[in-house]
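The residues making up each chain are set out below.
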Amino acid sequence: FCYHRSTLKITSLRLPLGIMAAAPSGRKFKVCICGGAGGIGQPLSMLMAMDDRVGELSVYDLTVSAVPAEGVATDLAHLNMGSRVRAFGLDPKSGDKPKDKLKECFFGADLVLIPAGVPRKPGMN
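Quick notes on the overall build of the chain
Within the chain one finds three helices and six strands. Put simply, the chain runs from its N terminus to its C terminus through helices and strands in the order β-β-β-α-β-α-β-α-β. Taken across its 125 residues, the chain has 28% of its residues classed as buried. The long-range share in the chain, meaning contacts at least 24 apart out of those at least 6 apart in sequence, stands at 70%. For the chain, the accessible area works out to roughly 8,300 Å², and carbon and sulfur atoms hold 58% of it.

A word on the nonpolar core
Core analysis: the largest hydrophobic core is formed by 15 residues, its most contacted members being Val31, Leu57, Val59, Leu76 and Val85. Of all the elements in the fold, those that place two or more residues in this core are strand 3 (29–34), helix 1 (41–50), strand 4 (54–62) and helix 2 (69–76). Considering each element in turn, this core owes the most residues, four residues, to helix 2. Listed in part, the six residues of the second largest apolar core include Cys32, Cys34, Tyr60 and Cys105.

Here we look at the side chain of Asp61
Looking at where Asp61 falls in the secondary structure, it is placed in strand 4. Looking at Asp61, its side chain comes within polar contact range of the main-chain nitrogen of Ala37, at 2.9 Å. Among residues more than four places away in sequence, those in contact with Asp61 are Gly35, Gly36, Ala37, Gly38, Ala69, Phe88, Gly89 and Leu90.

Examining the layout of surface pockets
Of the volumes computed, that of the second largest pocket is approximately 200 Å³. In terms of lining residues, the second largest pocket is bounded by 14 residues, among which Gly35, Gly38, Asp61, Ala116 and Gly117 are the most central.

Concerning helix 2
Of all the residues in helix 2, the buried ones are Ala69, Val72, Ala73 and Leu76. Around the axis of helix 2, the buried residues are gathered within 100 degrees of arc, so they sit on the same side. Looking at the buried residues of helix 2, the elements they touch are helix 1, strand 4 and strand 5 (84–90).

Focus on the sheet that holds strand 6 (residues 111–113)
Sheet architecture is open: four strands sit in the order 5-4-3-6, paired in parallel fashion. Edge strands, defined here as strands with exactly one partner in the open sheet, are strand 5 and strand 6. In this sheet, neighbouring strand axes are inclined to one another by 15 degrees on average, regardless of whether the strands run parallel or antiparallel. This element, helix 2, spans strand 4 and strand 5 of the sheet and lies at about 165 degrees to strand 5.

Thresholds applied
Residues numbered from 1 in each chain as written. Predicted model: local features only at pLDDT ≥ 70, side-chain atom pairs only at ≥ 80, totals over all residues. Heavy atoms only, no water. Helix = DSSP H or I, 4+ residues; strand = E, 2+ residues; numbered from the N terminus. Buried < 20%, exposed > 50% of the residue type's maximum accessible area, 1.4 Å probe, protein only. Contact = heavy atoms within 4.5 Å. Areas by Shrake-Rupley, 256 points an atom, 1.4 Å probe, with all protein chains shown as cover. Core = buried A, V, L, I, M, F, W, Y, C linked by side-chain atoms within 4.5 Å. Polar contact = N/O pair within 3.5 Å; in protein donor to acceptor, adjacent residues only side chain to side chain. 1 Å grid on protein atoms, 1.4 Å probe; cavity = no way out; pocket = protein on both sides within 12 Å on 5 of 7 lines; lining within 4 Å. Points joined across faces, edges and corners; volume = space filled by probe spheres on them. Arc of directions from axis to C-beta. Pairing = 2+ DSSP bridges. Axes fitted to C-alpha atoms, helices over the stretch in contact; angles between N-to-C directions.

Below is the structure:
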């Protein structure tokens, strides 16, 4: 997606190899966003939830985030959209294994987006 500041309009970009161009037989896509509660993940989650080609959106992040994945999913529930939003959180202190949470999150996914990362620190190139 591309956000045009001058026109305040969100338009879709043409993705390589026709990714998300059209779902087979009118089926909607399931999209998973790992790191969906971060500074890039939150607006990315909103844009994916607003896309009428997305039928289900899974937002995954650590529970220690400033806004946990459940909070992002709750915020997105207020949008007028046709996609179902589910939150998946992992508490690193609980001893849960990420693969247990990711299995349900990724099951049936057509597209996985990973904006997760560690913010740059002063002096980093």
